[in-house]
Amino acid sequence: CGFYAQISFHRVLAGFLTQAGDPQTRTNRKPFEGRGGGGPGYGFEIELPDAALSYDRYTVAMANAMQYDPVTGEIQGGTDTNGSQFFIDLDNLVGRLRPYYTILGKVVDGTEVIDAIGAVPVNNPQDGVPVEPVIIESVTIESGGRSRSIGLKIACQCKRFFAPSHWPIPDLSGILFGLLAQR
């Protein structure tokens, strides 16, 4: 999928998560107003995770802009804000993260790459912008057990996979991310 090529991980929060998928980061690698707000130009409905799924270490989930009451957890809007951004848990976030993020799967191979991304120096711990960009080289969708690249193997755990109709993905059996940290 060429969409993710050259997009950088714009947020790395040590011991919590790392986030990517904002197309604005292809050309702007430093902190900027609106960082983390970009997407593919469309949004789709958030699929709340099944009770059997959880935000364990290396879980891959969609980032979104859903609004909810921080005290009660009551959803107040933004339930159609999935787009292109995703995050990968750097720790077990069960109980630390509300179950309002569509779980795509889990990194099952290449976890050392995720650990390396989670350890990069950042501008400050609250903002989490990597001092040196961590750039996605490519993303490959694996279908039917076939793939053309090596990377992080992610077992697909979602009930459905939203993809633009021009993606030829009749049977999604996994996702592979080929990542390259450029320094």
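Please refer to the structure placed before this passage.
Residues numbered from 1 in each chain as written. Predicted model: local features only at pLDDT ≥ 70, side-chain atom pairs only at ≥ 80, totals over all residues. Heavy atoms only, no water.

(A) Summary view of the pattern of salt bridges. Tallied over the entire structure, the rule returns 4 salt bridges. With a closest N to O distance of 3.0 Å, Asp 115 and Arg 57 form a salt bridge. Of the two residues, Asp 115 sits in helix α1 (residues 111–118) while Arg 57 sits in the loop between β2 (17–20) and β3 (59–62), which places them 58 residues apart along the sequence. The class of Arg 57 is partly exposed, set by a relative accessible area of 38%. (Salt bridge = Lys/Arg side-chain N within 4 Å of Asp/Glu carboxyl O. Helix = DSSP H or I, 4+ residues; strand = E, 2+ residues; numbered from the N terminus. Buried < 20%, exposed > 50% of the residue type's maximum accessible area, 1.4 Å probe, protein only.)

(B) Structural detail: the nonpolar core. By size, the foremost hydrophobic cluster in this structure holds 19 residues, and its most contacted members are Phe 9, Phe 86 and Ile 114. Contributing elements (two or more residues each) for this core: β3, β6 (86–89), β7 (103–109) and α1. One finds Leu 17, Ile 46, Ala 61 and Tyr 100 within the second-largest nonpolar core, a separate group that totals 12 residues. (Core = buried A, V, L, I, M, F, W, Y, C linked by side-chain atoms within 4.5 Å.)

(C) Broad picture of unusual backbone geometry. The backbone of Gln 6 shows a phi angle near 75°, a positive value even though the residue is not glycine. Secondary-structure assignment places Gln 6 in the segment before β1 (11–13). Of the residues examined, Gln 6 reaches a relative accessible area of 31% and is grouped as partly exposed. We note that Tyr 58 has phi near 75°; this positive angle belongs to a residue other than glycine.

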